Amino acid sequence: VITNRHSGDVIDIPQGSTTEGTDLDQWPSNGGANQHWDVTRLGCGLYSVTSAEDGESVDISGQSTAAGAKVDEWDYWGGGNQQFLLARNSAGYFTITNINSMDVLAVPGSSVTAGTLLDQAARNGGASQQWSFTPA
């Protein structure tokens, strides 16, 4: 389970959709498989993050390098938009940096609203860009 430091919500596949391209959101933890993620070391400090529900990968939509690009799920094919660097800070939280864009996964506007769609943004050190990983 990957939890946002600011909102306390987790990365979620809305309504448990298994459709490629489904945008990921934040939602209160409910124990569903659509909120469980497998983090796999790829080597060279890189990781993939795939859904325990359907095996789809966390993906930056359309391989975008633009700030504000949506985070979705897609079949894993090994592209840079599906590979991430995980960096732990002194408080024990992680940034999840996409190697294609070098932007981080974020909750836009520091929203605490359930259902807010995730995006990528330039790193600013804010709590809405920090995540914790908890075994499910």
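The residue count restarts for each chain, going from 1 along the sequence in the order it is written. Per-residue local features are limited, in this predicted model, to residues with pLDDT of at least 70; the limit for side-chain atom pairs, both in listing and counting, is 80 or more; totals at the level of whole chains, interfaces and linings are taken over all residues. Heavy atoms from the whole structure form the basis of all side-chain values; hydrogens and water molecules are not counted.

**Observations concerning the nonpolar core**
Okay, so step 1: With 16 residues, the main nonpolar core has Ile11, Leu24, Trp37, Val58, Leu105 and Trp131 as its most contacted residues.
Okay, so step 2: Contact criterion: two residues are considered in contact whenever any of their non-hydrogen atoms come within 4.5 Å of each other. With residues near it in sequence (within four places) discarded, Ile11 still touches Ile2, Leu24, Asp25, Asn34, Gln35, Trp37, Leu105, Leu118 and Trp131. Side-chain atoms within 4.5 Å are what join buried Ala, Val, Leu, Ile, Met, Phe, Trp, Tyr and Cys residues into a set we call a nonpolar core. Relative accessible area decides the class of each residue, using a 1.4 Å probe on protein chains only: under 20% of the type maximum gives buried, over 50% gives exposed, and in between gives partly exposed.

**Overview of the packing of aromatic side chains**
Here a ring pair, both rings aromatic, is described through the centre-centre distance and the interplanar angle of the planes.
Okay, so step 1: Pairing of aromatic side chains here covers Phe, Tyr and the six-membered ring of Trp, requires ring centres within 6.5 Å, and sorts the geometry by plane angle: under 30 degrees stacked, over 60 edge-to-face, intermediate tilted. Applying the stated criterion to the full structure yields one aromatic pair.
Okay, so step 2: Relative to Phe133, the ring of Phe94 lies with its centre 5.3 Å away and its plane at 85°, an arrangement referred to as edge-to-face. Here Phe94, found in strand 9 (residues 94-98), pairs with Phe133, found in strand 12 (residues 131-133); they are 39 residues apart in sequence, far enough to count as distant.
Okay, so step 3: Assessed through its relative accessible area of 27%, Phe133 is described here as partly exposed. Numbering of helices and strands runs from the N terminus, with a helix taken as a DSSP run of H or I at least four residues long and a strand as a DSSP run of E at least two residues long.

**Observations concerning the pairing of strand 9**
Okay, so step 1: The buried fraction of strand 9 amounts to five of the five residues, a majority that puts the element mostly inside the structure.
Okay, so step 2: Covered by surrounding structure in strand 9 are Phe94, Ile96 and Asn98 together with Thr95 and Thr97, the residues of both alternating faces.
Okay, so step 3: Strands are labelled as partners when DSSP assigns at least two bridges between them. As paired strands, strand 8 (residues 84-88) and strand 9 are joined by five bridges and run antiparallel to one another. Within strand 9, the residue paired with Leu85 across the bridge is Thr97.
Okay, so step 4: What sits between strand 8 and strand 9 in their antiparallel hairpin is a turn of five residues, with Gly92 showing a positive phi close to 90°.

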